[in-house]
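Residues per chain are reported as follows:
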There are 2 protein chains.
Amino acid sequence: MAVTIRDVARQAQVSVSTVSRALSAPGLVKDATRQRVLDVVAGLGYQPNRAARSLITGRTGNLAVVVPDLLNPFFPSVLRGVQTKAGEAGTSVFFCDSREDPETEAELVRTMASQVDGVVLCASLLSDETIIDLAAATPLVLINRIVPGVSSVLMDSANGMEQVVTHLESLGHRDYVYLGGPAAAWSNNRRMQGLNGRAQLLGSFDPNFDGGYTAAEQALSTGATAFIAYNDLIALGALAYLAEHDVKVPEQISVTGFDDILYATMCSPALTTVHMPTEAAGEVAVDLLATLLEGGQPEHRELPTTLVIRASTARAHSQS
Amino acid sequence: MAVTIRDVARQAQVSVSTVSRALSAPGLVKDATRQRVLDVVAGLGYQPNRAARSLITGRTGNLAVVVPDLLNPFFPSVLRGVQTKAGEAGTSVFFCDSREDPETEAELVRTMASQVDGVVLCASLLSDETIIDLAAATPLVLINRIVPGVSSVLMDSANGMEQVVTHLESLGHRDYVYLGGPAAAWSNNRRMQGLNGRAQLLGSFDPNFDGGYTAAEQALSTGATAFIAYNDLIALGALAYLAEHDVKVPEQISVTGFDDILYATMCSPALTTVHMPTEAAGEVAVDLLATLLEGGQPEHRELPTTLVIRASTARAHSQS
DNA sequence: TTGAAAGCGCTAACAC
DNA sequence: GTGTTAGCGCTTTCAA
């Protein structure tokens, strides 16, 4: 069996409570005593049993992060942010992938709720009511979603999209088309807001490569000089379609993405897109969770997004 | 406070031990009694306190998976496999990103060891000795690494590479060059084995886009008709370099990747590469962990890889 | 500043 | 088949 607090107490010639205090409330123990205890702890390699501690304090020292799709390059980087910040506080992180299924998502949150101090929920597919219920039962922070009364951190997509529009306008584009994401997606609406009604809207496409491929076909017939994609994956699909049909990007048509995933730098031409501070979002989410755990009020944070200009946008050609 | 086993016992008019048994050893309880207990459990929404259970059983019902880099698209899919399989057993999963640092990696495994039943360690950067030490202290399963006496699951890279070579040979290529990954990487050596000494070897490159870009420059001067990249990222970098220098792929030069990451289908030309059963590897790792926890012996599994032929390879041109 | 003792919620002997 | 009871390892009153 592992070394327990009693082993430490015995060897340090103090009571178990003194050992406990030396570790979790150092101020309450005389310096000399504490030092002796700490030495023994180090010598024995004692690690407090988290289950026992948790049983009495009611805190687990763990948290969970729930995402809709781990394979979407957007989320691993959120996870990384969460882990970075949580790690600083000695907190470990559970991950859960809901596979884009709302029921699974709710189920996961409920399951985790009992074994963690709080949950970070990314890009939730749940209804406001369900989220409010969940938030009542366990400290909860949302990423990329706003629900009244629930903590959340947002990446300012609307503004990011405004930057895209401004950029395109400055290049002389007047006629551009938005290759929309899923109509139900909350973030799709945010991004559309940033368009300020300046773009033609094209139906909702699957937010992946194939969706973009399909979208480009439709978009091409509009005669627009620029395509604004809901996300990088759609933009990439569009790029592929255009390449196959010998439409030169950006000479004939400019294309923009959104999210700045890894591959946005690797395609050809490299994609002009909006960078999302995903890792920072994960970190901030952990901060908000900490606030909640200390009895603080739900908070809302919005992180700035930045346009990254690469090679897929250029001055509009005069003739379509 | 949450509902406890006593609340259930009281309402179901049985003792706490009956409730406990009804939940974790159903066979020991009369059907009628168990049903009554289960009804109350459902009615009250009772969830056993894992900390309390863990305190007495010594099992946490959790496991951890440690990866070197969450942002590498290879690993999230391993995570997903781990979670899928673990979830079936009601096990939750911690994730840790070592950021390619061996010290951090060892530290993480040690930290997690005390709060989980076992650890899945992916593409470890640690020495054999360290891994053996770790495995002695906690149930451990390796992915993509072999260490004597430690459970592991491997994806058969050597065979995958042989398939690449066979494919290239069948297309008439006789002079091809290997764009190598990190010399220290265990998987690089495995992949080189599959080459069977048939390829020219080019130094070790960073296993990313930039590394591939650099590699292509050197490879071009060898006059080879095909480039075999250590992984998809290097292949993608090579593709970009070749495109910029107006070298047609696959007409002039064939290029192959390895891993079959998402982007391998999205680039142009789509990459011929070796598909790795990453998700399956994660699942199998959990199985091996389960074996270990039941007192079984360390096991070694090797999963088959498959060549995926896309558009980046073609018949060798006659003249270089 | 320290120690003794009472549990946290649960499982696992041990009785019946 | 079911109930009683003794802890698992720890924190936290309460006394001293």
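Rules behind the numbers
Residues numbered from 1 in each chain as written. Chains lettered and ligands numbered in written order. Predicted model: local features only at pLDDT ≥ 70, side-chain atom pairs only at ≥ 80, totals over all residues. Heavy atoms only, no water. UniProt positions renumbered as here; feature names shortened; annotations may be inferred. Helix = DSSP H or I, 4+ residues; strand = E, 2+ residues; numbered from the N terminus. Near = heavy atom within 4 Å. Polar contact = N/O pair within 3.5 Å; in protein donor to acceptor, adjacent residues only side chain to side chain. Nonpolar A, V, L, I, M, F, W, Y, C, P; charged D, E, K, R; others polar. Least-squares fit on C-alpha atoms with pLDDT ≥ 70 in both. Contact = heavy atoms within 4.5 Å. Buried < 20%, exposed > 50% of the residue type's maximum accessible area, 1.4 Å probe, protein only. Pairing = 2+ DSSP bridges. Salt bridge = Lys/Arg side-chain N within 4 Å of Asp/Glu carboxyl O. Axes fitted to C-alpha atoms, helices over the stretch in contact; angles between N-to-C directions.

## Points about the UniProt feature "domain: HTH lacI-type" (unreviewed entry) in chain A
Stage number 1. UniProt tags residues 3–57 of chain A as "domain: HTH lacI-type" (unreviewed entry).
Stage number 2. The distance from the first to the last C-alpha atom of residues 3–57 of chain A is 21 Å, and the span holds 71% helix and 0% strand.

## Describing the protein's contact with DNA strand C
Stage number 1. Residues in contact with DNA strand C amount to 25 residues; listed here are only the nearest, Thr18 and Thr33 of chain A together with Ile5, Tyr46 and Arg53 of chain B.
Stage number 2. Taking the atoms of DNA strand C that fall within 4 Å of the protein, sugar and phosphate contribute 63% of them.
Stage number 3. Here a phosphate oxygen of DNA strand C and a side-chain polar atom of Thr18 of chain A are 2.5 Å apart.
Stage number 4. Sorting the residues of the surface near DNA strand C by element identifies helix H2 (16–24) and helix H4 (50–57) of chain A together with helix H2 (16–24) and helix H4 (50–57) of chain B as the ones contributing at least two each.
Stage number 5. If one sorts the elements of the surface near DNA strand C by residue count, H4 of chain B sits on top with five residues.

## A word on the protein's contact with DNA strand D
Stage number 1. Near DNA strand D lie 26 residues; those nearest to it are Ile5 and Tyr46 of chain A together with Ser17, Thr18 and Thr33 of chain B.
Stage number 2. Counted by atom, the contact set of DNA strand D within 4 Å of the protein is 55% sugar and phosphate.
Stage number 3. Take Ser15 of chain B: an N or O atom from its main chain is 2.9 Å from a phosphate oxygen of DNA strand D.
Stage number 4. In this structure, a phosphate oxygen belonging to DNA strand D sits 2.5 Å away from a side-chain N or O atom of Thr33 of chain B.
Stage number 5. Contributing elements (two or more residues each) for the surface near DNA strand D: H2 and H4 of chain A together with H2 and H4 of chain B.
Stage number 6. Broken down by element, the residue count for the surface near DNA strand D peaks at five residues, all from H4 of chain A.
Stage number 7. Counted by class, the surface near DNA strand D contains 12 nonpolar, 10 polar and four charged residues.

## Considerations on the relation of the copies chain B and chain A
The two chain copies are related to each other by a rotation about an axis together with a translation along it.
Stage number 1. For the match of chain B to chain A, the screw axis carries a shift of 0.1 Å, the RMSD comes to 0.3 Å, and the turn is 180 degrees. The symmetry that links the two subunits is that of a two-fold axis.
Stage number 2. Both copies share a contact surface, since 97% of the interface residues of chain B are interface residues in chain A too.

## Regarding the pairing of strand S6 (residues 176–179) of chain B
Residues and elements named next belong to chain B.
Stage number 1. With burial as the criterion, each face of S6 is covered, one bearing Tyr176 and Tyr178 and the other bearing Val177 and Leu179.
Stage number 2. The sheet contact formed by S6 and strand S8 (residues 226–229) spans four bridges and is parallel. Residue pairing across strands places Tyr178 opposite Ile228, the latter belonging to S8.
Stage number 3. Judged from the three bridges that link them, S6 and strand S7 (residues 200–202) form a sheet pairing that is parallel.

## Notes on the environment of Asp39 of chain A
Stage number 1. By the secondary structure assignment, Asp39 of chain A is in helix H3 (residues 31–44).
Stage number 2. Taking C-alpha positions, Asp39 of chain A is 40 Å from Gln297 of chain A, a pair spaced 258 residues apart along the chain.

## Digging into the interface of chain B and chain A
Stage number 1. On the chain A side, the residues contacting the 38 residues of chain B number 41 residues.
Stage number 2. For the interface between chain B and chain A, the tally reads six salt bridges.
Stage number 3. Between Arg80 of chain B and Asp69 of chain A there is a salt bridge whose closest N-O contact spans 3.1 Å.
Stage number 4. The interface formed by chain B and chain A includes 16 residue pairs in polar contact (both at pLDDT 80 or more).
Stage number 5. If you list the elements that add at least two residues to the side of chain B that touches chain A, you get H4, strand S1 (62–67), helix H5 (74–88), strand S2 (92–97), helix H6 (102–113) and helix H11 (232–244) of chain B.
Stage number 6. Here the side of chain B that touches chain A is composed, by residue class, of 20 nonpolar, 11 polar and seven charged.

## Points about the sheet that holds S8 of chain B
Residues and elements named next belong to chain B.
Stage number 1. Here we have four strands laid out as an open sheet, ordered S7-S6-S8-S9, and parallel in their pairing. Every other strand in the sheet has two partners, leaving S7 and strand S9 (254–256) as the edge strands with one partner each. Put simply, the sheet's adjacent strands are angled 20 degrees from each other on average, direction ignored.
Stage number 2. Those strands touched by helix H8 (residues 157–170) are S6, S8 and S9, and its axis lies near 170 degrees from that of S8.

## Considering the pairing of strand S4 (residues 140–143) of chain B
Residue and element names in this part refer to chain B.
Stage number 1. With burial as the criterion, each face of S4 is covered, one bearing Leu140 and Leu142 and the other bearing Val141 and Ile143.
Stage number 2. Across four bridges, the pairing between strand S3 (residues 118–122) and S4 is parallel. Looking at the pairing, Val120 lines up with Val141 of S4.
Stage number 3. Where S4 and strand S5 (residues 151–155) come together, three bridges link them in parallel fashion. Within the sheet, the bridge partner assigned to Val141 lies in S5 and is Ser151.

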